[in-house]
Amino acid sequence: MKLEDLAEKISRETDIPLCGRDVERVVAALLETPVFWHVVEHSEEPVPVVASTLRLLQEMGLVETSEDTLVFTPKGRDFVAEKGICVPTNHVCHSCLGR
């Protein structure tokens, strides 16, 4: 399934306009952290969008919950690799924090 198709489905559920890149940000944030609230923070997407995205990914068998954390299933890891999604990198200088 294409990211645009997922975005359209989530948009209908949340009444929040989305594109494939929004879904990609949620998936990339989940690569970075297994904690729901950290996924919300790192993705910079509204809570309803993150919740709906993760619920949809779980229904598709791409994500599962394990002791209050979210993890990709093997099928989910294949999906991430197929879409070329990776952990976002922060390009801010650690010494001056971009100042």
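In this report, we go over the structure that sits alongside the text. Because the structure is a prediction, the values reported are computed rather than measured. Once a new chain begins, its residue numbering starts again from 1 and follows that chain's sequence as written. Reporting of local features is limited, given that this is a predicted model, to residues whose pLDDT is at least 70; pairs of side-chain atoms are given and counted only at 80 or more, and all residues count toward the totals for whole chains, interfaces and linings. Each side-chain value is derived from all of the structure's non-hydrogen atoms; neither hydrogens nor water enter the calculation.

**As for the overall build of the chain**
For step 1, the next point in the chain: Helix and strand definitions here come from DSSP, where helices need a minimum of 4 consecutive H or I residues and strands a minimum of 2 consecutive E residues; each element is numbered from the N-terminal end. The number of helices and strands found in the chain is 5 helices and 2 strands.
For step 2, the next point in the chain: Going residue by residue from the N terminus, the α and β elements of the chain occur as α-α-α-α-β-β-α.
For step 3, the next point in the chain: C-alpha atoms define the radius of gyration, and 2.2 Å times the number of residues to the power 0.38 defines the globule rule. Over its C-alpha atoms the chain spans a radius of gyration of 14 Å, differing by no more than 12% from the 13 Å that the globule rule assigns to 99 residues.
For step 4, the next point in the chain: Dimensions of the chain, computed from C-alpha atoms along their principal axes, come out at roughly 40 × 30 × 25 Å.

**Re the packing of aromatic side chains**
For step 1, the next point in the chain: Here is the rule: rings of Phe, Tyr and Trp (six-membered ring for Trp) pair when centre to centre is within 6.5 Å. Planes less than 30 degrees apart are stacked, more than 60 are edge-to-face, and the remainder are tilted. Going through the model one piece at a time under the given rule, you end up with 1 aromatic pair.
For step 2, the next point in the chain: Measuring from ring centre to ring centre gives 5.0 Å for Phe36 and Trp37, while their planes differ by 80 degrees; the resulting arrangement is edge-to-face.
For step 3, the next point in the chain: Classification of Phe36 as partly exposed rests on a relative accessible area of 22%. The rule is simple: take the accessible area with a 1.4 Å probe, protein chains only, and divide by the maximum for that residue type; under 20% is buried, over 50% is exposed, in between is partly exposed.

**Some words on the packing of helix α3 (residues 36–43) against helix α4 (residues 47–59)**
For step 1, the next point in the chain: For the pair α3 and α4, the least separation of the axes is 10 Å and the interaxial angle reads 120 degrees. Relative to α4, α3 is oriented oblique. Both α3 and α4 take part in a crossing whose hand is right-handed. Contacts between α3 and α4 involve Phe36, Trp37, Val39, Val40 and Ser43 from the first element and Val47, Val50, Ala51 and Leu54 from the second.
For step 2, the next point in the chain: In this classification, Asp, Glu, Lys and Arg are treated as charged, Ala, Val, Leu, Ile, Met, Phe, Trp, Tyr, Cys and Pro as nonpolar, and every other residue, Gly included, as polar. Residue composition of the contact of α3 with α4, grouped by class: 8 nonpolar, 1 polar and no charged. Under this scheme, a helix contributes an axis fitted over its contacting stretch, all axes are lines through C-alpha atoms, and angles between N-to-C directions fall in the 0 to 180 degree range. Comment on the angle field: the value is read as roughly parallel under 35 degrees, roughly antiparallel over 145, roughly perpendicular from 65 to 115, and oblique elsewhere. Working rule for handedness: look at the near helix, and if it is turned counterclockwise from the far one by less than a right angle, call the crossing left-handed; if clockwise, right-handed. Any two residues having at least one pair of non-hydrogen atoms within 4.5 Å are treated as being in contact.

**Considerations on helix α2 (residues 20–32)**
For step 1, the next point in the chain: For a helix, the expected span equals 1.5 Å multiplied by the residue count minus one. Look at α2: 19 Å from first C-alpha to last across 13 residues, which is about the 18 Å you get at 1.5 Å a residue.
For step 2, the next point in the chain: Buried within α2 are the following residues: Gly20, Asp22, Val23, Val26, Val27, Ala28, Ala29 and Leu30.

**Let's talk about a nonpolar patch on the surface**
For step 1, the next point in the chain: The grouping of Val35, Trp37 and Val47 at the surface amounts to a nonpolar patch, some 270 Å² of accessible area in total.
For step 2, the next point in the chain: Positionally, Trp37 belongs in helix α3.
For step 3, the next point in the chain: On the basis of relative accessible area, Trp37 is assigned to the exposed category, the value being 56%. By definition, no residue in a patch forms a salt bridge, and every one has over 30% relative accessible area; like charges are joined within 9 Å, nonpolar side chains (Val, Leu, Ile, Met, Phe, Trp, Tyr) within 5 Å. Every accessible area reported is derived by Shrake-Rupley at a probe size of 1.4 Å, with residue values counting cover from the shown protein chains alone. A side-chain nitrogen of Lys or Arg and a carboxyl oxygen of Asp or Glu constitute a salt bridge if their distance falls within 4 Å.

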